[in-house]
Amino acid sequence: MSVVLETRSLCKRFGALTVADHIDFQLQAGARHALIGPNGAGKTTFVNMLTGRLAPTSGRIFLGGEDVSTLSQRERVRRGLGRTFQINSLFRGLSVVDNVALAVAERRGMGGRLFRSASSYADVRDEAMALLASLGLAEDAQVNLANLAYGKQRLVEIAITLAMKPRVLLLDEPAAGVPSIETHRILDVLDALPAEIGILIIEHDMDLVFRFAKRITILVNGATLLEGTPEEIAADPRVREVYLGERHD
Amino acid sequence: MRHNGSYSASPRIGLIEWLPWLLGVAAFFYLPEYLSLGARILVYILYALSVDLVVGYAGIVTLGHSAFFGLGAYAAGILSAKVGVTDPMLQMLVAIASCALLGAATGALILRTRGLTLLMLTLAIAAILLEVANKATSITGGADGLSGITVAPIFGLFRFDLFGKTAYWMCLVVLFICWWITRRIIYSPFGASLVGIRENHVRMASIGSPVSMRLLTAYTLSAMLAGVAGALLTQTNQFVGLNVLSFESAGELLVMLILGGVGRIYGAFVGPIVYMIAQDQLAKQFPEYWSLGIGVLLVAIVLFARGGLLGIVDLVVAHAKRGKSAFAGKEAP
Amino acid sequence: MQELIASLVSVAFHGTAYGMILYVISVGLSVTMGLMGFANLAHGVFAMAGGYLLTTAMDSWGVPFPLALVISFVLVALGSVVLERLLYARLYSAGELAQVLFTIGLIFIATAVARLIYGTLQQPVHLPEYMKGQFSLLGRDFPTYRVFIILFGAALVSALWFGVERTRFGAMVRAAVDNRAMAQSVGIDTQMLFMATFALGSGLAGLGGALGAEIIAIQPSYPFEHLIYFLIVVAVGGLGSLRGPFVAALVIGIADTACKYWVPEFGAFLIYVATILLLLWRPAGLFGRQA
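Cut-off values and rules
Each chain carries its own residue numbering, running from 1 in the direction its sequence is written. Whichever chain is written first becomes A and whichever ligand is written first becomes 1, with later ones labelled in order. Local features in a predicted model are, by the rule used here, given only for residues with pLDDT of at least 70; side-chain atom pairs are given and counted only at 80 or more, and totals for whole chains, interfaces and linings are based on all residues. Heavy atoms from the whole structure form the basis of all side-chain values; hydrogens and water molecules are not counted. Secondary structure elements are defined from DSSP: runs of H or I of at least 4 residues count as helices, runs of E of at least 2 residues count as strands, and each element is numbered from the N terminus. Exposure categories follow from relative accessible area, calculated using a 1.4 Å probe and restricted to protein chains: below 20% of the type maximum is buried, above 50% is exposed, and the middle band is partly exposed. By definition in these notes, contact holds between two residues if any of their heavy atoms fall within 4.5 Å. We get accessible surface area from the Shrake-Rupley algorithm with a probe of 1.4 Å; when it comes to residues, only the shown protein chains can shield them. Asp and Glu count as negative and Lys and Arg as positive, but His and the ends of the chain are not part of the count. Every charge is mapped onto a representative atom, which is NZ of Lys, CZ of Arg, CG of Asp or CD of Glu. The term salt bridge refers to a pairing of a side-chain nitrogen on Lys or Arg with a carboxyl oxygen on Asp or Glu at a separation within 4 Å. pLDDT expresses how confident the predictor is about each individual residue, on a scale running from 0 to 100. Between the N-to-C directions of two axes lies an angle of 0 to 180 degrees, each axis being a line fitted to C-alpha atoms and, for a helix, fitted only over the stretch in contact. Crossings are assigned a handedness: left-handed for a near helix turned anticlockwise from the far helix by less than a right angle, right-handed for a clockwise turn. Each residue gets one of three labels, nonpolar for Ala, Val, Leu, Ile, Met, Phe, Trp, Tyr, Cys and Pro, charged for Asp, Glu, Lys and Arg, and polar for the others, Gly among them. Summed over both partners, the accessible area lost on bringing two parts together, with a 1.4 Å probe, is the buried area. Paired strands are those between which DSSP finds at least two bridges. Counted as a polar contact is a pair of N or O atoms within 3.5 Å, where, for protein atoms, one must be capable of donating a hydrogen and the other of accepting one, and residues adjacent in sequence contribute only when both atoms are in side chains. Whether two aromatic rings pair depends on their centres lying within 6.5 Å, for rings of Phe, Tyr and Trp, where Trp uses its six-membered ring; planes under 30 degrees apart make the pair stacked, over 60 edge-to-face, and the rest tilted. Two limits define a charge over a ring: the Lys NZ or Arg CZ must be within 6 Å of the ring centre, and within 35 degrees of the ring normal. Within this analysis, patches are made of residues with over 30% relative accessible area and no salt bridge. Like charges are joined at 9 Å or less; nonpolar side chains (Val, Leu, Ile, Met, Phe, Trp, Tyr) at 5 Å or less. Only a pair of cysteine sulfur atoms within 2.5 Å counts as a disulfide in this structure description.

Asker: What should I look at first to understand the overall build of chain A in this one?
Answerer: A count of helical and extended segments in chain A gives nine helices and 10 strands. Here chain A, with 249 residues, has 54% of them falling under the buried criterion. Restricting to contacts in chain A with at least 6 residues of sequence separation, those with at least 24 account for 67%. Accessible area for chain A stands at about 10,800 Å²; split by element, carbon and sulfur atoms hold 51% of it. Where the 29 positive side-chain charges of chain A centre and where its 30 negative ones centre are 6 Å apart.

Right, dumping it as structure tokens:
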């Protein structure tokens, strides 16, 4: 298997505070990898550095073997890095299908065309519709996004990211805010994602993590504490120690 | 009634969208004594359309679009009064080119900022132009305004007459062309992406959209439209006053736009028509009460009817439809 | 040489007085914008109201000058609370465009009302005798009233900074500017806080308008005409900051006076250009938190 995403000695400091401390991390092609850790461990900072929203203090990031450390968000997206947001980040005034079609159009490099009408690009719409259908959202395509149930909005969030045909997908708490009875719907979608995409999931819901991930990395205080299979992680005494502080809530 | 670039909405021009043009032509024949007011309204519709593109569609809150309107007006005026270029098409082209330059140059600098800073920068740019126009009296005429503007017949055929007939037709035709182009832009993938940026610029960036470039393009296009409007104003009035650059007039334009409805294309039509006809009828008799009324209206619209007049129409239509579908026993939650 | 020094001193002096007025008027805008994120273009209305109240109180009600200043502050502050509760508060979570349009609407209303009551001419200010003379210092004469403005402004600035740094109210304001959600979660009543800050800021604007009525003429076009200067002070100084606008107000006051003295043909052109350059270099202003 090949490595699609890699960080070498990635550091981020805000003044005296170190939120990422020499993180070495590898994501394999087609991986189902989870990043977990207590609140404030630096997970979101790590993801933001991967996507280019935050510039690391030092260290390097490789995407498909290419050093992307200094590239913009847009450049990284074009090289196949997709992400979803912890809090829904959607186009509220638009229909569901347009939410997805915008991303399809950008991927195809025709999002800035000025003269033909958007709806004459039937292939863009069809691709968006197919994607929505694969996530069970076909019936909601014409609904205004703001009127969609929250759980379904989470799925649109994933659909937009998939529309970019990423090689690497960063899922930032895909089940956040979804009632626990409905998380299985999210999980169904995740299970059906194309096998070749390397997925890194950041999630608090341990049931979801252990059902989905084949590999788990634990981040504590900005540093990698441990990496291994779910079995290894579950068996490690240090993990329980880290989580004891959090588990009583 | 909302017109949005969409991958699933037909861009076909609906029957009702021909109504303004029908009215525009009818006004020429049935209201000949109001042609100069009519031409002014057409100019302001075009100006409002340009502002709608940036404010309503791209979501750039600017107070400085008078810079482009004014630049277009002065470019055409100076060209005629000081350089001796009287051909209207040439004046128009120079106005468009100078606005494109100013729009691209200032846009490239200021569109990186947001919020108060952006507001401030747009305001400061317009203020600079006002200051220049005010002080460079030898070129612009300063506070007295720029007069001595002559406009040659259009294509050497249509002379600008005393009754403003040619001017009216010119405004109507130019507005039609600009409306057609703007509408195409709005329905294009580019237009759809502008709405995406307005709704969520962070997300647009994260799906790989070149947000700054899109905004800059929209800003420059809109600057060119405003420049056309400015040049038209000069050609119809054969005079340019400092007020084209003033903050009050920029504010007034925003009033017209929100009165009609922001981000809907036709809000830019309805607003200036209603506003300027009302102004024509009322403002001279009661100048104090006029601006009081405008203020109250603006506050009321913001508090109670954010969508403007067309928004109210939408609500009424939606209400009527809901009445029907309730019959079918299918009430949307 | 003598002449140059004399003009330098004069520009610095008058510029400082003007800067003080700008600061007293604008500081409230900085705090309300920083605290509530409200784009209040109508801030100048409060300053204008203060000016009209001062002249009315002195000329029609026969109130002495110092008391008239107090009246301007108090009445404008009270009036602004009514506006805040009835109107502004509804738009705290609305978009920037709505806020901008709403406050432009308020300017239209205020301008019209001022014209209806007072006409279009600028209001004469009848200063008391003891403010009219000259004040000698180091062999130079300075107009007493400007000296008073500078001293009064300095005292006010000190009181304000002391208040914000040392009092409980100040601590709450600072906390809420830094992080509203956090402030709310530790039990600060942000609604009350907004109201009180808004009243204080508007009251100060009223006081500044009254105090500066002789420098910035009171007339109906006031809120439109001077808006850009108030905004420049806030944008250049930095939102939510007390010190930033002070530095900015003094710099702009002095620079503007200098420009009008030496290069009147440029008008405010240089100030605007400098503002643009500065904001491009530091979008959040001199003392604002850069995003």
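Asker: Where do I start with the pattern of salt bridges in this structure?
Answerer: It is possible for side chains of opposite charge to pair when their charged atoms get near one another. Residues and elements named next belong to chain A. Overall, the coordinates contain 21 salt bridges over all chains when judged by the stated rule. Where Glu 75 meets Arg 79, a salt bridge forms, and the shortest distance between an N and an O atom there is 2.7 Å. For Glu 75, a relative accessible area of 23% gives the class partly exposed. A salt bridge links Glu 127 to Arg 108; the nearest nitrogen and oxygen atoms lie 2.5 Å apart. Residue Glu 127 is found in helix H4 (residues 122–134), and its partner Arg 108 is found in the loop between helix H3 (96–107) and H4; the two are separated by 19 residues along the sequence. A relative accessible area of 18% means that Glu 127 is categorised as buried. Relative accessible area serves as the criterion here: at 34%, Arg 108 is assigned to the partly exposed category.

Asker: What exactly am I supposed to notice about the confidence of the model for chain A here?
Answerer: Predicted coordinates in areas of low pLDDT are best not read in detail. Chain-level pLDDT for chain A is 87 on average; 97% of the residues reach the 70-or-more range. Between the elements of chain A, mean pLDDT differs from a low of 67, seen in helix H9 (residues 237–247) of chain A, to a high of 94, seen in H3(A).

Asker: What should I look at first to understand the packing of helix H11 (residues 247–260) of chain B against helix H12 (residues 267–283) of chain B in this one?
Answerer: The axes of two packed helices give the description: the angle between them and the distance between them. Residues and elements named next belong to chain B. Interhelical geometry of H11 versus H12 gives an angle of 115° and a closest axis separation of 7 Å. Taken as a pair, H11 and H12 cross one another with a handedness that is right-handed. Contacts from Glu 252, Val 255, Met 256, Leu 257, Leu 259 and Gly 260 of H11 reach H12 at Gly 267, Ala 268, Val 270, Gly 271, Pro 272, Val 274, Tyr 275, Met 276 and Gln 279. Looking at the contact of H11 with H12, its residues break down into 10 nonpolar, four polar and one charged.

Asker: Can you walk me through the interface of chain A and chain B in this structure?
Answerer: Put simply, an interface is often sized by how much accessible area is lost when its parts join up. In this assembly, 39 residues from chain A lie in contact with 31 residues from chain B. Counting each side, the surface lost to burial between chain A and chain B is near 2,800 Å², with a carbon and sulfur contribution of 60%. The largest share of the area that chain A buries against chain B comes from Phe91(A), Glu106(A) and Leu114(A), three residues that together contribute 20% of it. Where chain A touches chain B, the interface holds two salt bridges. Note that Glu157(A) is salt-bridged to Arg203(B), the shortest N-O span being 3.1 Å. Ranked by the residues each element gives to the side of chain A that touches chain B, the list is headed by H3(A), at seven residues. Its residues assigned to classes, the side of chain A that touches chain B comprises 18 nonpolar, 11 polar and 10 charged.

Asker: Would you explain the environment of Ala101(A) in this entry?
Answerer: Along the chain, Ala101(A) turns up in helix H3. Sequence-wise, Ala101(A) and Tyr121(A) are 20 residues apart; in three dimensions their C-alpha atoms are separated by 10.0 Å.

Asker: Help me out: how do you make sense of the pairing of strand S4 (residues 58–63) of chain A in this one?
Answerer: Two faces make up the sheet, and in a regular strand the side chains alternate between them. Residue and element names in this part refer to chain A. With five bridges connecting them, strand S1 (residues 3–14) and S4 associate as antiparallel partners. Opposite Glu 6, over in S4, you have Phe 62 as the bridge partner. As paired strands, S4 and strand S5 (residues 66–67) are joined by two bridges and run antiparallel to one another. Across the sheet, Phe 62 pairs through a bridge with Asp 67, a residue of S5. What sits between S4 and S5 in their antiparallel hairpin is a turn of two residues, with Gly 64 showing a positive phi close to 55°.

Asker: I would appreciate a short explanation of the sheet that holds S5(A) in the present structure.
Answerer: In a beta sheet, neighbouring strands are held together by backbone hydrogen bonds and run either parallel or antiparallel to one another. If you walk across this open sheet you meet the four strands as S2-S1-S4-S5 (chain A), and the pairing is antiparallel. Looking at which strands have only one partner, the edges of the open sheet turn out to be strand S2 (17–28) and S5 of chain A.

Asker: How should the interface of chain B and chain C be read in this particular structure?
Answerer: At the junction of the two partners, chain B supplies 42 residues and chain C supplies 42 residues. Joining chain B to chain C, the criterion identifies zero salt bridges. On the surface where chain B and chain C come into contact, there are three residue pairs in polar contact (both at pLDDT 80 or more). For the side of chain B that touches chain C, the secondary-structure elements that each account for two or more residues are helix H4 (88–110), helix H5 (115–135), H11 and helix H13 (287–304) of chain B. A total of 14 residues in the side of chain B that touches chain C trace back to one element, the largest contributor, which is H5(B).

Asker: Please clarify how the sheet that holds strand S8 (residues 198–202) of chain A should be interpreted in this entry.
Answerer: All names here are of chain A. As summarised here, the arrangement of the six strands in space is S6-S7-S8-S3-S9-S10, forming an open sheet in which the pairing is mixed. Whereas interior strands pair on both sides, the edge strands pair on one side only; in this sheet they are strand S6 (81–84) and strand S10 (223–228). Averaged over all adjacent pairs, the angle separating strand axes in this sheet is 20°, with direction ignored. Relative to the sheet, helix H1 (residues 43–51) contacts strand S3 (32–36), S6, strand S7 (168–172), S8 and strand S9 (215–220), its axis offset from that of S6 by approximately 145°.

Asker: Sorry if this is basic, but what is going on with the packing of aromatic side chains here?
Answerer: The description of two aromatic rings rests on the distance between their centres and on the angle between their planes. As enumerated under the stated definition, the model contains 35 aromatic pairs over all chains in all. Relative to Phe269(B), the ring of Trp21(B) has its centre 5.7 Å away and its plane inclined at 85°; by these criteria the two rings are edge-to-face. With Trp21(B) in helix H1 (residues 19–30) and Phe269(B) in helix H12, this residue pair connects regions lying 248 residues apart in the sequence. With respect to class, Trp21(B) is no different from Phe269(B); both count as buried. A centroid spacing of 5.9 Å and a plane angle of 90° characterise the contact between Phe46(C) and Phe198(C), whose relative ring orientation is edge-to-face. Here the residue Phe46(C) occupies a position in helix H2 (residues 43–59), and Phe198(C) occupies one in helix H8 (residues 190–211), the gap between them amounting to 152 residues. Here the basic side chain of Arg83(A) rests over the ring of Phe85(A), its NZ or CZ set 4.4 Å away from the ring centre. Arg243(C) extends its terminal NZ or CZ atom over the ring of Trp161(C), reaching a point 4.7 Å from the ring centre.

Asker: Hey, could you run me through a nonpolar patch on the surface in this one?
Answerer: Together, Leu282(B), Phe286(B), Tyr289(B), Val113(C), Leu116(C) and Ile117(C) give the surface a local cluster of nonpolar side chains, amounting to about 560 Å² of exposed area. Residue contributions to the nonpolar patch peak at three residues, all from helix H4 (residues 96–118) of chain C. By secondary structure assignment, the location of Phe286(B) is in the loop between H12 and H13.

Asker: What should I look at first to understand unusual backbone geometry in this one?
Answerer: With glycine set apart, most residues show a phi of negative sign, and most peptide bonds adopt trans. Unlike most non-glycine residues, Glu173(A) shows phi in positive territory, near 45°. Although it is not a glycine, Gln238(B) adopts a positive phi angle of roughly 50°. If you trace the backbone, Gln238(B) turns up in the loop between helix H10 (211–237) and H11.

Asker: So what exactly am I meant to see when it comes to the state of the cysteines here?
Answerer: Simply put, the disulfide is a covalent bond whose two ends are the sulfur atoms of two cysteines. All names here are of chain B. With the rule as written, the count across this model stands at zero disulfides over all chains. Not engaged in a disulfide, the cysteine Cys 99 finds its nearest cysteine sulfur in Cys 178; these two sulfurs lie 12 Å apart. For Cys 99, a relative accessible area of 0% gives the class buried. Just so you know, Cys 171 is unpaired, no disulfide at all, and the nearest cysteine sulfur is the one on Cys 178, 11 Å from it.

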